[in-house]
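Next come the chains, spelled out residue by residue.
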Amino acid sequence: MSGERPRPSAPPTISEVAAEAGVGRATAARTLGGYGYVSPELKERVLAAAEKLGYRANALARSMSTGVTHTLGVIVADIGNPFFAGVVRGICDTSRARGFDTLVLSTYEKLDEEVAAANVLIDKRVDGMILASAAVDRSSVGHIRTALDRGIPVVLVDRAVSALELDAVVINNRDAAREAVETLVAAGHRRIGFVWGPPVEQAPTTRRELIAAASRNLWTDGERLRGYLDALDDAGIPFDPELVMVGPKVEERATQEVARMLDLPDRVTALFCTETDGVTGALRAIRARKLSCPRDVSLIGFDDSAWAAVMVPPLTMIEQPVHQLGSKAAEVLLDVLEGAEPRREMHTLRTRLVARSSVAPPPGRSRALE
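For every chain, the first residue of the written sequence is number 1, and numbering continues from 1 onward in sequence order. Residue-level local features of this predicted model are given only where pLDDT is at least 70; pairs of side-chain atoms are given and counted only at 80 or more, and the full residue set underlies all totals for whole chains, interfaces and linings. Just so you know, side-chain values use all the structure's heavy atoms and leave hydrogens and water out.

Q: In this structure, what is going on with the pattern of salt bridges? I would like to understand it.
A: Side-chain pairs of opposite charge can arise where the charged atoms are in close proximity. A carboxyl oxygen of Asp or Glu within 4 Å of a side-chain nitrogen of Lys or Arg is what we treat as a salt bridge. For the structure shown, the criterion picks out 26 salt bridges. One salt bridge connects Glu275 with Arg224, and the closest N-O pair in it is separated by 3.4 Å. Residue Glu275 is found in the loop between strand E7 (270-273) and helix H12 (276-288), and its partner Arg224 is found in helix H10 (residues 219-235); the two are separated by 51 residues along the sequence. Only protein chains enter the accessibility calculation, which uses a 1.4 Å probe. A residue is then buried if its area is under 20% of the maximum for its type, exposed if over 50%, and partly exposed in between. A relative accessible area of 26% places Glu275 in the partly exposed class. The salt bridge involving Arg352 is made with Glu319; its shortest N-O contact spans 3.1 Å. Here Arg352 is found in strand E11 (residues 352-354), whereas its partner Glu319 is found in strand E9 (residues 316-319), with 33 residues between them in sequence. Counted as one network, the salt bridges with shared partners bring together Arg174, Arg178, Glu182, Asp230 and Asp234. A helix here means a DSSP run of H or I that spans at least four residues, while a strand means a run of E at least two residues long, and both kinds are numbered starting from the N terminus.

Next up, the structure:
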């Protein structure tokens, strides 16, 4: 009938490739599936025939026969976050170079979303998983144990989970935080605020309560808080719970908490912000009070980026090796998939403090920053 669309032709089959190459179907299947031995001469004939016919391997069928999909599953908190985007880029670059594809899912730091994402990847029969997990204790790691029980190796990235003995690729969070606060102390500050504390509504009143609250949340947050306290201890500065942000980890809360610290009778003169949203929230609060950085309030942030360098003033920031974090996590996982024994250890990468112009002596002091 005129005007009727022609039906698309069926894709070539393995049997057709075998006939074109003049080999048996089993030889063609082994060549195109990437398993078993095939002599170089026969392999070349099969691949030439496949190219001539436009054959494309069926990945699902191949995975069912070999048990291997050459696919890694990646679960991160927020792919829209430049930090995680850089980590994922590192994973993808390294996995692609070693013949693996990557499936990436975002969870927005919600454990139920993470569990659902892990189940999707298990159903997709990924060969291994890289996970920036929101799990914090034994009660929240069931989905990870399920993957391991199914024979899917798991490598953690950015944060460890104390309830699991797994390879984890992280940065030196505690030392990085300590160095940042030491820089503020060296400039003469003693009233130093910590922006991005435990997400509890009622502020802990003692150091012990604060650390306990932090230990019930993300490992990275707790490590950075401990680095802050280490630097105060080294300088002989008493811990003041009024100078630690608590509550939801969002920019609006950071703005509220920094405003509160600026309204104290003995107000904060410096801020250490451990997340990008904490930095922007802090700057909003400073400007709302008609104060300036660093004349009135010094600031150091975590996770350097291009925008920090073009701010007024350019911000002193901790630079994380984001691409290297992802690349190393992929390397560790791929080594296991290729037969290496899991080392079940912390692989710690170093950060760098990038000094710019957001740190100065506190108001009333003229000593230059050393």
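Q: I tried to follow the sheet that holds strand E5 (residues 168-171) on my own but got confused; where do I start?
A: To summarise the sheet geometry, strands pair through backbone hydrogen bonds and adopt either a parallel or an antiparallel arrangement. When DSSP finds at least two bridges between two strands, those strands are taken to pair. Taken together, the 6 strands give an open sheet; going across it, the order is E2-E1-E3-E4-E5-E10, and neighbouring strands pair in parallel fashion. Both edges of this open sheet fall to strand E2 (101-106) and strand E10 (346-349), since each of them pairs with a single strand only. Here the strands of the sheet are splayed against their neighbours by 20 degrees on average, with no regard to which way each runs. Pairing analysis gives 6 bridges linking strand E1 (residues 71-76) to E2, with the strands arranged parallel. Bridge pairing links Ile75 to Leu105 in E2. Angular values range over 0 to 180 degrees, each being the angle between N-to-C directions of two axes fitted as lines to C-alpha atoms, with helices fitted over their stretch in contact.

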